[in-house]
Amino acid sequence: MKFWSKSSRIRLEYNKKGKQMADTLKKLQCPACGKEMEKVFIPSQGINLDICTQGCGGIYFDNRELNSFDEKNEDISKILEHISDKNFVDVNTALDRHCPNCGTKMVKNFSSINKEIEIDECYNCGGKFLDNSELQKLRAEYDTEEERSEDVVRHIYQQVGQELAQVDERYSRTITDRSICQKIFYKLLGL
Ligand SMILES: [Zn+2]
Ligand SMILES: [Zn+2]
């Protein structure tokens, strides 16, 4: 058992290539319900995830771990083994949460422009917390990470595009108004 923990940690450090390390072997308290989270080793990624199997079913991902599980083609069977067919306690998603790794107050961010899924993020250590079933919803939103980013760009473009059109319309109206004024002015002067 000791060897298993040690080897998984070495692999974790290797995977992150010098990124800020979280002590993933430390038992974490769930930021949503306060229960101790279970360490779940994911062999395909060589990492440990913290899952609230005894409380609310939330999952804590440190640093960039979520990137390995948020696309449809990425394997989450090992995670599902621990959360499927279980009754989890309800939590108030509106309450403030603190990062179980470093204690910093987490920030709520929407996972996409659709604003359906809120992810709690720690801006200090990069940790992310997903409530029960949010990972599955997140994966259903887009096929790939590229599609998720493209949707954001498309949305911003639509908004900016509309504003530009309005500015343009206002600007050309001003020019028309001025030319009418000019005509009246010239008429008065008899030119
Ligand atoms: Zn919990
Ligand atoms: Zn943190």
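Note that this is a predicted model, so its numbers are computed, not measured. (Residues numbered from 1 in each chain as written. Chains lettered and ligands numbered in written order. Predicted model: local features only at pLDDT ≥ 70, side-chain atom pairs only at ≥ 80, totals over all residues.)

**A few points about the overall build of the protein**
(1) Moving on: Looking only at helices and strands, the protein features 4 helices and 6 strands.
(2) Moving on: Mapped in sequence order, the helices and strands of the protein form the string α-β-β-β-α-β-β-β-α-α.
(3) Moving on: Per-residue burial over the protein gives 26% buried out of 191 residues.
(4) Moving on: Contacts spanning at least 24 positions in sequence make up 58% of the contacts within the protein whose residues lie at least 6 apart. (Helix = DSSP H or I, 4+ residues; strand = E, 2+ residues; numbered from the N terminus. Buried ≥ 20, exposed ≤ 12 C-beta atoms within 10 Å, placed from the backbone. Contact = placed C-beta atoms within 7 Å.)

**A word on the pairing of strand 1 (residues 38-42)**
The two faces of the sheet receive side chains in turn, since in a regular strand these alternate between them.
(1) Moving on: By the bridge criterion, 5 bridges tie strand 1 to strand 2 (residues 47-51) in an arrangement that is antiparallel. From the neighbouring strand, isoleucine 42 faces strand 2, where its bridge partner is isoleucine 47.
(2) Moving on: What sits between strand 1 and strand 2 in their antiparallel hairpin is a turn of 4 residues, with glycine 46 showing a positive phi close to 65°. (Pairing = 2+ DSSP bridges.)

**A short note on the nonpolar core**
(1) Moving on: Membership of the largest hydrophobic core comes to 25 residues, with the highest contact counts inside it found for Met37, Ile51, Ile59, Tyr60 and Leu135.
(2) Moving on: Contributions of two or more residues to this core are made by strand 2, strand 3 (59-61), strand 6 (128-130) and helix 3 (134-141).
(3) Moving on: Excluding residues within four positions of it along the chain, isoleucine 59 makes contact with Leu49, Ile51, Ile79, Leu130 and Leu135. (Core = buried A, V, L, I, M, F, W, Y, C linked by C-beta atoms within 7 Å.)

**Thoughts on helix 3**
(1) Moving on: Looking only at helix 3, the buried set comprises Glu134, Leu135 and Leu138. Relative to the axis of helix 3, the buried residues are bounded by an arc of 100° and lie together on one face.
(2) Moving on: Buried-residue contacts for helix 3 involve strand 3, helix 2 (77-83) and strand 6. (Arc of directions from axis to C-beta.)

**Quick word on unusual backbone geometry**
(1) Moving on: One non-glycine residue, asparagine 63, adopts positive backbone phi at about 45°.
(2) Moving on: Looking at the secondary structure, you find asparagine 63 in the loop between strand 3 and helix 2.
(3) Moving on: The residue aspartate 85 is not glycine, and still its phi comes out positive at about 55°.
(4) Moving on: Tracing the backbone through its elements, the reader meets aspartate 85 in the loop between helix 2 and strand 4 (107-110).
(5) Moving on: For aspartate 85, a count of 6 C-beta atoms within 10 Å puts it in the exposed group.

**A look at the sheet that holds strand 1**
(1) Moving on: If you walk across this open sheet you meet the 6 strands as 1-2-3-6-5-4, and the pairing is antiparallel. Either end of the sheet is taken by a strand with one partner, and the two such strands are strand 1 and strand 4. Here the average twist between neighbouring strands, direction ignored, is 35°. (Axes fitted to C-alpha atoms, helices over the stretch in contact; angles between N-to-C directions.)

**Overview of the environment of methionine 37**
(1) Moving on: Relative to the helices and strands, methionine 37 is located in the loop between helix 1 (2-16) and strand 1.
(2) Moving on: Note: C-alpha distance between methionine 37 and cysteine 52 (15 residues apart in sequence) is 4.4 Å.

**Regarding the confidence of the model for the protein**
(1) Moving on: Of the residues in the protein, 83% have a pLDDT of 70 or more, and the chain-wide mean is 82.
(2) Moving on: Throughout residues 1-21 the model reports pLDDT below 50, and contacts reaching past four residues in sequence, or to other chains, amount to 20 contacts. (pLDDT = per-residue confidence, 0-100.)

**Description of the environment of asparagine 109**
(1) Moving on: Summarising the element assignment, asparagine 109 is placed in strand 4.
(2) Moving on: For the pair asparagine 109 and aspartate 120, spaced 11 residues apart in sequence, the C-alpha separation works out to 6.4 Å.

**Let's talk about the environment of glutamate 71**
(1) Moving on: Inspection of the secondary structure puts glutamate 71 in the loop between strand 3 and helix 2.
(2) Moving on: We classify glutamate 71 as partly exposed; it has 17 C-beta atoms within 10 Å.
(3) Moving on: Distance from glutamate 71 to glutamate 141, taken between C-alpha atoms, is 9.1 Å for residues 70 residues apart in sequence.
(4) Moving on: With residues up to four places along the chain from it excluded, the contact list for glutamate 71 reads Arg139, Thr144 and Glu145.

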